[in-house]
Amino acid sequence: MRIASLLPAATEMVAALGRADDLVAVTFECDEPAGVRERAVVVVDTVLPPGLTAAAIDAVVRDRSARGLPLYELDRDALAASSPDLLITQDLCRVCALPAGAVDEALAAIGCDAAVLSIDPHSVDEVFAAITAVGHHIEAPEAAAALVGSLRDRLGAVHDAVAGLPRPRVLVLEWVDPPFLPGHWVPELVRLAGGEPVGGADGGRSVQASWDAIAALPSDVVVVAPCGFGLGAAAEQAATVRDRFPGRPVVAIDSASYVVRAGPRLVDGVEALAWSLHPEAVREPPPARVAVLR
């Protein structure tokens, strides 16, 4: 089967199910498994110039959204040349990836009759359901069942490790300039890690808030998880807001890999968050996932 993944989370799912070699088209953001962009053609790129600050990215996103302009470019010729049998896309967030409607239009324009699977999870259980759906469509249902079972077992281990411990109030910032509070599955990740989220919206979209409103939220720990950024950039951004939260630890996390990408590594994110909240009870994660700024 020839698989085109227009969503980094889907690329991870396909690889985790043992079918990485079937990927023929991916996006510029697909980085797991390593080297996938060299093995498959990149058919989706961003219009955002490299090196922009958080504030500059926000400005570009707002401007293009207001003018009805896309944030991503689909190389229709490259997609046609890749000749996929299955194309995996999403409708969850137009800031994060191409919407399914744009993909349907492109397939019609190039005369491609590939099957289309749209995955749009809003919770951890729905992420697991998406893994199951991908497994069904790529004819790997047993692998999907085994993967989901393993991920649930790991969440169970975290639950047991933090059971009965005090649950700190956790403020997650999904963007810092301007500040955004998280939605979708992010508050759930905090609960699974042994904390109590404050200011987030379960299953909803991330929302902008003022610093005054954020300062009024009762929090014990602040997690800086900027959408699309790795640990280095998250730590830099955390340092710029640390003075706003005196006396509280500020945690930076590789959000692009472990928080906002709705793939198997969300469980790695839960484990990393659990260690940052309960280091006495949870094993320290591998390097480059999370850092605690005091």
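This is a predicted model, so every value here is computed, not measured. (Residues numbered from 1 in each chain as written. Predicted model: local features only at pLDDT ≥ 70, side-chain atom pairs only at ≥ 80, totals over all residues. Heavy atoms only, no water.)

### Quick look at the nonpolar core
One finds Ile119, Ile131, Val134 and Val223 to be the most contacted residues of the largest nonpolar core, which totals 56 residues. Here this core takes 8 residues from helix H12 (residues 266–277), the largest share from any one element. (Core = buried A, V, L, I, M, F, W, Y, C linked by side-chain atoms within 4.5 Å. Buried < 20%, exposed > 50% of the residue type's maximum accessible area, 1.4 Å probe, protein only. Helix = DSSP H or I, 4+ residues; strand = E, 2+ residues; numbered from the N terminus.)

### A closer look at unusual backbone geometry
The phi angle of most residues is negative, glycine excepted, and most peptide bonds adopt the trans form. Of the consecutive residues Glu32 and Pro33, the connecting peptide bond is found in the cis state with omega at 10°. Take Pro33: it is sitting in the loop between strand E2 (23–27) and helix H2 (36–39). In this model, Asp177 is joined to Pro178 through a cis peptide bond whose omega is 0°. With respect to the helices and strands, the residue Pro178 is situated in the loop between strand E8 (175–176) and strand E9 (179–181).

### Regarding the environment of Ala130
As for its placement among the helices and strands, Ala130 is situated in helix H6 (residues 124–137). When sequence neighbours within four positions are dropped, the list of residues in contact with Ala130 reads Met13 and Ile119. (Contact = heavy atoms within 4.5 Å.)

### Here we look at the sheet that holds E8
Taken together, 3 strands build an open sheet; the order of strands is E8-E9-E11 and the sheet is antiparallel. Bordering the open sheet on either side are E8 and strand E11 (207–208), each of which pairs with just one other strand. When E9 meets E11, the two strands line up antiparallel, connected through 2 bridges. For Phe180, the partnering residue across the bridge sits in E11 and is Gln208. (Pairing = 2+ DSSP bridges.)

### Concerning the packing of aromatic side chains
Inspection of every chain in the model, using the stated rule, returns 2 aromatic pairs. The cationic tip of Arg244 hangs over the ring face of Trp211; the distance from NZ or CZ to the ring centre is 4.2 Å. (Phe/Tyr/Trp six-rings, centres within 6.5 Å; stacked < 30°, edge-to-face > 60°. Lys NZ or Arg CZ within 6 Å of the ring centre and 35° of its normal.)

### Notes on the side chain of Arg261
Note on placement: Arg261 falls in the loop between helix H11 (255–258) and H12. Those residues within four positions of Arg261 in sequence are excluded, and the remaining contacts are Pro8, Ala9, Glu12, Glu29, Asp31, Glu32, Trp185, Ser255, Ala256 and Leu266.

### Considering the pairing of strand E13 (residues 250–253)
Across the two faces of E13 the burial is the same, with Val250 and Ala252 and Val251 and Ile253 all buried. Direction of pairing for strand E12 (residues 221–224) relative to E13: parallel, over a ladder of 3 bridges. In the sheet register, Val224 faces E13, and the bridge partner there is Ala252. The parallel pair E12 and E13, bridged by helix H10 (residues 231–241), forms a crossover whose chirality is right-handed. Two strands pair when backbone bridges link them, and E13 and strand E14 (residues 290–293) are joined in this way by 4 bridges, in the antiparallel orientation. Counterpart to Ile253 in the pairing with E14 is Val290. (Right-handed = clockwise from strand over helix to strand, strands pointing away.)

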